[in-house]
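If you want the building blocks of each chain, they are given just below.
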Amino acid sequence: MRNRRTSWQGTALAVVAALLAAAGCSAHSGNARPRSGTEHRTIRPVAGCAAASWTDPADRSADRAPARCEPRAPAARPAAQRRKLTIATGTLSAEYVAPLQVAVDKGEFKAEGLDVTLRVLPTPDALPLLAKGDVDALWAAPEAAVMNGIRGGFDIRWVAGNFSPDPASRSGLWVKLANGESAARVRMADRTMGTMIGKGSVIAYPMQRALARHGGGLDEIRYQQLGSADVLTALQNGGVDSAWLLDPVWRRVDGEQGYAFLGGQPLGEPLGGMLYGPALLQDDVDAGVALLRAYIRTVNTYFAGDYKKDAAFVAYLAKLLKTDPAVLESTPSLRMDWEIRSGTVTRLQSAYRAQGVAEGKDLPESETVDRALYEEAVGHVP
């Protein structure tokens, strides 16, 4: 399995080629950085956003309290002229998209003078549009294709986080135990893993951590990409030995004899969120800050704590996400978190390299992450 290429890697490289062709430009030289318009902006104190509105990016402790302002803060600062923005997202029904859905429904974006449209697009389809400025933002993650696109010369930055899991969540890597095995003693090398995402996804990083504890590696397992409805079935009927089970699918095997949970997304460390292209990094930074300000205000107002304790809000979310309230209630609340931890992109790239889907040298955080927009939104001076 070592250094084996996959169809996903071909897809990731094809995306980068498409980006380059679409933008009609060459790759960066070795020391060049993507341009950004966030330098030299004045950051002012923001009412309702005190010391708790920012946490040290180096703090990855599992019990870290996510940054929070007061409800309804930071207050809207509508621009003189309205601006239409499009955010691409892979789905509108997943719980991690709920803050965007609520921000649209409750008028939080409109309060900033933004007419926001959420457009469903898979990340490989959205990336060329983001690089060209045909979509303004992407609600996704810094996946391998994103890293390879930036490496190819494109001004795409990860500008805000999305969530980290509740400690009670068991969304992640599950294995069907063989005779004599237990959750503490499982050897994963040479086993088959079912996943709906495939190689190059950010789950490579938590998978790498879990596999390392159980005698395996990302290059020592066999991947089988399956549809969302097929992953659990394949695990249950023996079609695969292990699987990455998402909310709320893992509830179907939790507590069942013969299955073990080996690990999920690290606590306190978001692995996705908002990605900006040149439209909001360069052309209209004010709109980029306003978009994050509305998102942050939505989190502080509606998702600050255990939002699933409110039955009425769960019913509202279920209607908005077009799902069953019982499905939402079956899993713990997500810990919505707009901040980005230090070193996450480095850890992600290490996992992509282990999977064989990373090209060239690892990119430094200075070329992949820009915290300046959310720091300005809450009034934090670095």
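Figured I'd write up the structure that's included with this text. (Residues numbered from 1 in each chain as written. Predicted model: local features only at pLDDT ≥ 70, side-chain atom pairs only at ≥ 80, totals over all residues. Heavy atoms only, no water.)

On to the overall build of the protein chain, then. Helix and strand content of the protein chain: 13 helices and 12 strands. Against the 2.2 N^0.38 benchmark of 21 Å for 382 residues, the protein chain shows a C-alpha radius of gyration of 21 Å, consistent with a compact globule. Based on the C-alpha atoms only, the size of the protein chain along its principal axes is roughly 65 × 50 × 35 Å. A total of 382 residues make up the protein chain; the buried ones form 54% of that total. Put simply, of all contacts in the protein chain between residues at least 6 apart along the chain, 83% involve residues at least 24 apart. With the model as given, the accessible surface of the protein chain reaches about 16100 Å², and the carbon-plus-sulfur share is 49%. (Helix = DSSP H or I, 4+ residues; strand = E, 2+ residues; numbered from the N terminus. Rg over C-alpha atoms; globule rule 2.2 N^0.38 Å. Buried < 20%, exposed > 50% of the residue type's maximum accessible area, 1.4 Å probe, protein only. Contact = heavy atoms within 4.5 Å. Areas by Shrake-Rupley, 256 points an atom, 1.4 Å probe, with all protein chains shown as cover.)

Let us now look at the sheet that holds strand β8 (residues 222–225). Judged by pairing direction, the sheet is mixed, and its 5 strands sit side by side in the order β8-β7-β9-β6-β10 without closing on themselves. Since the sheet does not close on itself, it has two edges, and those belong to β8 and β10 (259–264), each with one partner. Within this sheet the neighbouring strands show an average axis-to-axis angle of 25°, counted without direction. Sheet topology note: the strand β7 (residues 192–195)/β8 ladder contains 4 bridges and is parallel. (Pairing = 2+ DSSP bridges. Axes fitted to C-alpha atoms, helices over the stretch in contact; angles between N-to-C directions.)

Let us look at the pairing of strand β9 (residues 242–245). Residues S242 and W244 line one face of β9 and the alternating positions A243 and L245 line the opposite face, and both faces are buried. Here strand β6 (residues 172–176) runs beside β9; their pairing, made up of 4 bridges, is antiparallel. In the sheet register, L173 faces β9, and the bridge partner there is W244.

Let's shift gears to the environment of D324. Mapped onto the secondary structure, D324 falls in the loop between α10 (311–321) and α11 (325–329). At 2.9 Å, the side chain of D324 and the backbone nitrogen of A326 are in polar contact. (Polar contact = N/O pair within 3.5 Å; in protein donor to acceptor, adjacent residues only side chain to side chain.)

A few words now on the packing of aromatic side chains. Throughout the structure, instances matching the rule amount to 8 aromatic pairs. Pairing F303 with Y307 gives two aromatic rings, centres 5.0 Å apart and planes at 75°, and the pair type is edge-to-face. Of the two residues examined, F303 and Y307, each falls in the buried class. Centroid distance F313 to Y316: 5.8 Å. Interplanar angle 35°. Geometry classified as tilted. You can see F313 and its partner Y316 sitting in helix α10, 3 residues apart, about one turn around the helix. In textbook terms, an aromatic cluster arises when at least three aromatic residues are bridged by ring pairs, as seen for Y302, F303, Y307, F313 and Y316. Cation over ring: K106 sits above Y316, and NZ or CZ is 4.6 Å from the ring centre. (Phe/Tyr/Trp six-rings, centres within 6.5 Å; stacked < 30°, edge-to-face > 60°. Lys NZ or Arg CZ within 6 Å of the ring centre and 35° of its normal.)

In terms of nonpolar packing, the biggest core is built from 98 residues, with M274, Y276 and L291 touching the most fellow members. Element by element, the count of residues in this core is highest for helix α9 (residues 285–302), at 10 residues. In contact with L291, other than residues within four places in its own chain, are L85, I87, F109, L114, V116, A137, M274, Y276 and L280. Membership of the second largest hydrophobic core comes to 12 residues, among which are W174, V231, V253 and Y259. (Core = buried A, V, L, I, M, F, W, Y, C linked by side-chain atoms within 4.5 Å.)

Right, let's talk about the layout of surface pockets for a bit. What the largest pocket holds in volume is close to 1600 Å³. Contributing to the lining of the largest pocket are 49 residues, with A94, Y96, M196, I197 and L246 lying nearest its centre. Taken together, the elements giving at least two residues each to the lining of the largest pocket come down to α1 (7–23), α4 (123–132), β3 (137–140), α7 (231–237), β9 and α11. Of the volumes computed, that of the second largest pocket is approximately 280 Å³. (1 Å grid on protein atoms, 1.4 Å probe; cavity = no way out; pocket = protein on both sides within 12 Å on 5 of 7 lines; lining within 4 Å. Points joined across faces, edges and corners; volume = space filled by probe spheres on them.)

Let's shift gears to the side chain of N148. Position of N148 among the secondary structure elements: in helix α5 (residues 144–151). At a separation of 3.3 Å, a polar atom in the side chain of N148 contacts the main-chain amide nitrogen of E359.

Take the pattern of salt bridges next. All chains considered together, the criterion is met by 22 salt bridges. Here R191 ties to E181 by a salt bridge, and the two come within 2.4 Å at their closest N and O atoms. Taken together, the residues span a long stretch of sequence, with R191 in the loop between β6 and β7 and E181 in the loop between β6 and β7 at a distance of 10 residues. Of the charged contacts, one joins E339 and R341 as a salt bridge, the two residues approaching to 3.2 Å between their closest N and O atoms. The exposure classification of E339 matches that of R341, with both residues buried. A single salt-bridge network, built from bridges that share partners, covers R72, E108, E112, R293 and R297. (Salt bridge = Lys/Arg side-chain N within 4 Å of Asp/Glu carboxyl O.)

Before going further, it helps to examine the environment of G161. Inspection of the secondary structure assignment puts G161 in strand β4 (residues 157–161). Relative accessible area serves as the criterion here: at 0%, G161 is assigned to the buried category. A sequence separation of 125 residues divides G161 from D286, and the C-alpha atoms of the two residues are 19 Å apart.

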